[in-house]
Amino acid sequence: MNRASQAVVMFFLGGAILVASLTDVYLRYVKQGLGPFLIGAGALLVVTAVVALVQEIRDLNRPEGEPDDDGHGHGASGPVVGWLLLLPALALIFVVPPALGADTAARAGSVLTDQRDVAYPPLPPGDPAELTLLDYGYRAVYDQGRTLQDRRIQLTGFLAPGPDGQPMLVRIILSCCAADGVPIKVGLRGEVPGAPADTWVRATGRWIPHTAKDPVNDADVPYFQVDSWQIITAPAEPYE
């Protein structure tokens, strides 16, 4: 594998990162805020590869008789195994894995493990009030639902089987990337959605003063009384 081949591999790697970063694909792997950094990294790889290719073309046109190695008895070629670096680039473009879902929720404990002594502001205006699952969980567990009473609430997430046999509403929380994703789980009562696991739903209902313990890590799991629900398309940004 000569230097030109190495530059080609680098070009494809950088191009794959750019393609993923300029579309919604990268949101399957990292948080949205990391998008600009990925674009910068991909662009840097592409530019470096182009510069290396230009340099290689110039070297091919040098006068005969000049050394074709690095001065230490080594040629300009590298191991052929370097071509395997193309595999992750091709996979990133053509093989898009699903976002973390119900399987992750079954294996990982809910995120509500630390007591938070925080004064929570009133809910946003509107009927129903739209909340993230994490915001609902904080208010329901750490504020004992004081700001949730007497309000209709709308939550969005995917379904996952709960330990009581009833479905839960779940979102995955990322600190940085999918490797550190942990779920926020909300138990459901009332008009429980009758859809398979990993189905995305938008549920409207109200807070109920009931919690349970997650069998995975003993975290608190708040509950939600569902009045109505609808199946929705999975959002482009699946993580909170």
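Cut-offs applied
- The residue numbering used here restarts from 1 in each chain and proceeds along that chain's sequence as written.
- Restriction of local features to residues with pLDDT of at least 70 applies here, the model being predicted, together with a cutoff of 80 or more for giving and counting side-chain atom pairs; totals for whole chains, interfaces and linings are based on all residues.
- The side-chain values count all of the structure's non-hydrogen atoms but skip hydrogen atoms and water molecules.
- Strands are runs of DSSP state E lasting at least 2 residues, helices are runs of H or I lasting at least 4, and numbering of each runs from the N terminus.
- Type-normalised accessible area, obtained with a 1.4 Å probe on protein chains alone, sets the label of each residue: buried when under 20%, exposed when over 50%, and partly exposed for intermediate values.
- We call two residues in contact whenever any of their non-hydrogen atoms come within 4.5 Å of each other.
- We call two N or O atoms a polar contact when they sit within 3.5 Å, provided that within protein one can donate a hydrogen and the other can accept it, with sequence-adjacent residues counted only if both atoms are side-chain atoms.
- Being paired, for any two strands, means DSSP has found at least two bridges between them.
- The term salt bridge refers to a pairing of a side-chain nitrogen on Lys or Arg with a carboxyl oxygen on Asp or Glu at a separation within 4 Å.

K.L.:
Got a minute to help me understand the environment of Gln115 in this structure?
P.N.:
One can find Gln115 in the loop between helix H4 (102-107) and strand E1 (129-130). Judged by relative accessible area, which is 62%, Gln115 ranks as exposed. Between the alpha carbons of Gln115 and Tyr138 there is a distance of 9.3 Å; along the sequence they are 23 residues apart.

K.L.:
Explanation requested: the environment of Trp200 in the structure shown.
P.N.:
By secondary structure assignment, the location of Trp200 is in strand E5 (residues 200-213). In sequence terms Trp200 and Leu169 are 31 residues apart; their C-alpha atoms lie 8.8 Å from each other. Filtering out sequence-adjacent residues up to four positions away, Trp200 remains in contact with Thr156, Gly157, Phe158, Arg171, Gln230, Ile231, Ile232, Ala234, Pro235 and Pro238.

K.L.:
Just checking my understanding: could you explain the side chain of Lys185 for this structure?
P.N.:
Examined against the element boundaries, Lys185 turns out to sit in strand E4 (residues 182-190). Reaching out from Lys185, the side chain makes a polar contact with the backbone oxygen of Ala105 at a distance of 2.8 Å. In this structure Lys185 touches Ala105, Ala108, Gly109, Ser110, Met168, Leu169, Val170, Asp214, Val216, Val221 and Pro222, once residues within four positions along its chain are discounted.

K.L.:
I would appreciate a short explanation of the pairing of E5 in the present structure.
P.N.:
Pairing geometry for strand E2 (residues 153-161) and E5, over six bridges, is antiparallel. Its bridge partner being in E5, Thr156 is matched across the sheet by Arg202. Bridge count for E5 against strand E6 (residues 220-231) is 10 bridges, and the pairing is antiparallel. The partner of Val201 across the bridge, within E6, is Ile231. Between E5 and the antiparallel strand that follows it, E6, lie six residues; Asp218 among them carries a positive phi value of about 65°.

K.L.:
It is not clear to me how the pattern of salt bridges should be interpreted in this structure. Could you clarify?
P.N.:
Opposite charge on two side chains permits them to pair, given that their charged atoms come into close proximity. Per the stated rule, a full pass over the model turns up seven salt bridges. When the shortest N-O distance is used, the salt bridge between Lys213 and Asp220 registers 2.9 Å. Given the relative accessible area of 22%, Asp220 is considered partly exposed.

K.L.:
So what exactly am I meant to see when it comes to the pairing of E6 here?
P.N.:
The side chains of a regular strand alternate, residue by residue, between the two faces of the sheet. With four bridges joining them, E4 and E6 adopt parallel strand pairing. What sits directly across from Gly190, in E6, is Val226.

Structural measurements only, silent on function.
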